Amino acid sequence: QGDVRISSPHIIYDIDDIDTLLSGSRDVASFAKFAYGMTMLQFDNRPVFPMMKGIDLTHERDVIVLDDFICDGDINNLSDDGIVLSKSLADSIGIQIGDIVDVYSPIMFIEQSEDTVMLPRSLEVVAIYKTGYHQIDNDTAMVSLSTMQELYGLHHGIHGVSIKLKDGVSAERF
């Protein structure tokens, strides 16, 4: 999750201000924006309800060494049509690399009307990870930031930023 995580339960739209502030900080080595929320995944008529984290893979790698946690597949294949699942989540409903899962977000149910039917987003499982942290491994999936923004109707908004501090900088002081 990075050395420091700044998040909000509300959508953050003033992203340029955050970029300027963090880019200009002498304490920050790198940072990555994210969006997150509860979703429903369905595979072979078996639903699960994980937290979904939308990431910008390039910047996320500058904060967290994601590749160290991949146990199957290739995280480099994460695109707007892909998804990365935890091993526990994948095992719980029998998912393997290359399988297609249907993803539902709360907005799909809220914005339903007689004239509009929102279909689930079909995503290909491109990688499976295991961190060793129970909470993350049991209920977290990752998609591209733009996919998460679309699923949640965020436009260009985010929910937070993960930060990697320079060596020797105290997270508490920062």
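The present account deals with the structure reproduced in this document.

About the cut-offs
Residues numbered from 1 in each chain as written. Predicted model: local features only at pLDDT ≥ 70, side-chain atom pairs only at ≥ 80, totals over all residues. Heavy atoms only, no water. Helix = DSSP H or I, 4+ residues; strand = E, 2+ residues; numbered from the N terminus. Rg over C-alpha atoms; globule rule 2.2 N^0.38 Å. Buried < 20%, exposed > 50% of the residue type's maximum accessible area, 1.4 Å probe, protein only. Contact = heavy atoms within 4.5 Å. Areas by Shrake-Rupley, 256 points an atom, 1.4 Å probe, with all protein chains shown as cover. Polar contact = N/O pair within 3.5 Å; in protein donor to acceptor, adjacent residues only side chain to side chain.

1. Details of the overall build of the protein chain
Here is step 1 of the chain: Helix and strand counts for the protein chain stand at six helices and eleven strands.
Here is step 2 of the chain: Rg of the C-alpha trace for the protein chain: 17 Å, near the compact-globule value of 16 Å for 174 residues, within the 12% margin.
Here is step 3 of the chain: Overall, the C-alpha framework of the protein chain stretches about 50 × 40 × 25 Å when taken along its three principal axes.
Here is step 4 of the chain: Of all 174 residues assigned to the protein chain, the portion counted as buried reaches 43%.
Here is step 5 of the chain: Summarising the internal contacts of the protein chain: among those between residues at least 6 apart in sequence, 74% fall at separations of at least 24.
Here is step 6 of the chain: As displayed, the protein chain has an accessible area near 9500 Å², and 50% of this comes from carbon and sulfur atoms.

2. Thoughts on the side chain of Ser30
Here is step 1 of the chain: Mapped onto the elements of the fold, Ser30 is located in strand β2 (residues 28–38).
Here is step 2 of the chain: Within polar-contact distance, the side chain of Ser30 engages the backbone oxygen of Asp62 at 2.8 Å.
Here is step 3 of the chain: Once you skip the residues sitting within four places of it in the chain, Ser30 turns out to touch Asp62, Val63, Ser162, Ile163 and Lys164.

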